[in-house]
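Listed below, chain by chain, are the residues.
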Amino acid sequence: VILNSWQKILKTRKKKAVFVDQGPIFLIASLIGLNPEISDKSLNHEPWKPLLKRWANQLDAIIYLDADDFDLIQRINQREKEHLVKGKSSDQIQKFLSHNRSMYNVLLEYVQNNNPQLKIFRLNSSQLPLAVLVHDLLSTIDSNLGLNN
């Protein structure tokens, strides 16, 4: 429902850019299963392909924000909100993170193959202070998508 509603909203948008936190690719990955028991081969099942193709052609860019495992393990365990692996061992969390990265890489490759103009920005929040990360991101987006034009 959310994915279909977003598409309707985006088709009627009047703004040059709409930013969505945990957007359609995240939701599709969640539906497929960000779960180590589910293989990346799950993408070969037909229900996901049309949905991914639709979104591949709807999006102009994807911002993939990641961090080093050490930082992510700390963030997961120190956050107030629940998380699937909060309180698990470092090995279990690393397995979860590795699976998630693998799943996202498969998804991102699939959507980019369906829309070669789709820009994917990969950022590591462990390597830069937040202010620098935001500045660099906005500059990169502007220079690649021309939002100020």
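Parameters and conventions
Residues numbered from 1 in each chain as written. Predicted model: local features only at pLDDT ≥ 70, side-chain atom pairs only at ≥ 80, totals over all residues. Heavy atoms only, no water. Buried < 20%, exposed > 50% of the residue type's maximum accessible area, 1.4 Å probe, protein only. Helix = DSSP H or I, 4+ residues; strand = E, 2+ residues; numbered from the N terminus. Arc of directions from axis to C-beta. Core = buried A, V, L, I, M, F, W, Y, C linked by side-chain atoms within 4.5 Å. Contact = heavy atoms within 4.5 Å. pLDDT = per-residue confidence, 0-100. Phe/Tyr/Trp six-rings, centres within 6.5 Å; stacked < 30°, edge-to-face > 60°. Lys NZ or Arg CZ within 6 Å of the ring centre and 35° of its normal. Pairing = 2+ DSSP bridges. Salt bridge = Lys/Arg side-chain N within 4 Å of Asp/Glu carboxyl O.

Asker: Give a description of helix α4 (residues 69-78) that names residues and reports values.
Answerer: Within α4, burial applies to Leu72, Ile73 and Ile76. Down the axis, α4 shows its buried residues gathered within 100° of arc, on one side only. Across from the buried face of α4, at angles greater than 90 degrees, the exposed residues are Phe70 and Gln78.

Asker: Account for the nonpolar core, with residues named and values stated.
Answerer: Counting residues in hydrophobic clusters, the biggest one holds 19 residues, and the most contacted among them are Ile25, Ile28, Leu52, Ile62, Leu107 and Val111. Every element with two or more residues in this core is listed here: α2 (24-32), α3 (48-58), β1 (61-66) and α5 (90-114). Setting aside residues up to four positions removed in sequence, Val111 forms contacts with Ile25, Leu52, Ala56, Ile62 and Leu118.

Asker: Go over the confidence of the model for the protein, please, and point to the residues and values.
Answerer: When pLDDT is averaged along the protein, the result is 82, and 81% of the positions lie at 70 or above. Between the elements of the protein, mean pLDDT differs from a low of 70, seen in helix α1 (residues 2-11), to a high of 96, seen in α4.

Asker: Provide a residue-level description of the packing of aromatic side chains, including the pertinent values.
Answerer: On inspection of all chains with the given rule, the structure shows one aromatic pair. Arranged with centres 5.6 Å apart and planes meeting at 65°, the rings of Tyr64 and Tyr104 form a pair that is edge-to-face. Placement of the pair is Tyr64 in strand β1 and Tyr104 in helix α5, with a sequence separation of 40 residues. Each member of the pair, Tyr64 as well as Tyr104, carries the same accessibility label: buried. Here the guanidinium or amino end of Arg122 rests over the ring plane of Tyr64, the centre of that ring lying 5.1 Å away.

Asker: Tell me about the pairing of β1, and please be specific about residues and values.
Answerer: Burial along β1 is one-sided: Ile62, Tyr64 and Asp66 are buried, and none of Ala61, Ile63 and Leu65, which face the opposite way, are. With six bridges connecting them, β1 and strand β2 (residues 119-124) associate as parallel partners. Paired with Leu65 across the strands is Leu123, a residue of β2.

Asker: If you had to explain the pattern of salt bridges to someone new, which residues and values would you point to?
Answerer: In the structure shown here, the tally under the stated rule is two salt bridges. The partner of Arg101 in a salt bridge is Asp66, and the shortest N-O contact between them spans 2.6 Å. Of this pair, Arg101 sits in helix α5 while Asp66 sits in strand β1, and the two are 35 residues apart along the sequence. A relative accessible area of 18% places Asp66 in the buried class. Salt bridges here are not isolated pairs; linked through shared partners, they connect Asp66, Asp69 and Arg101.

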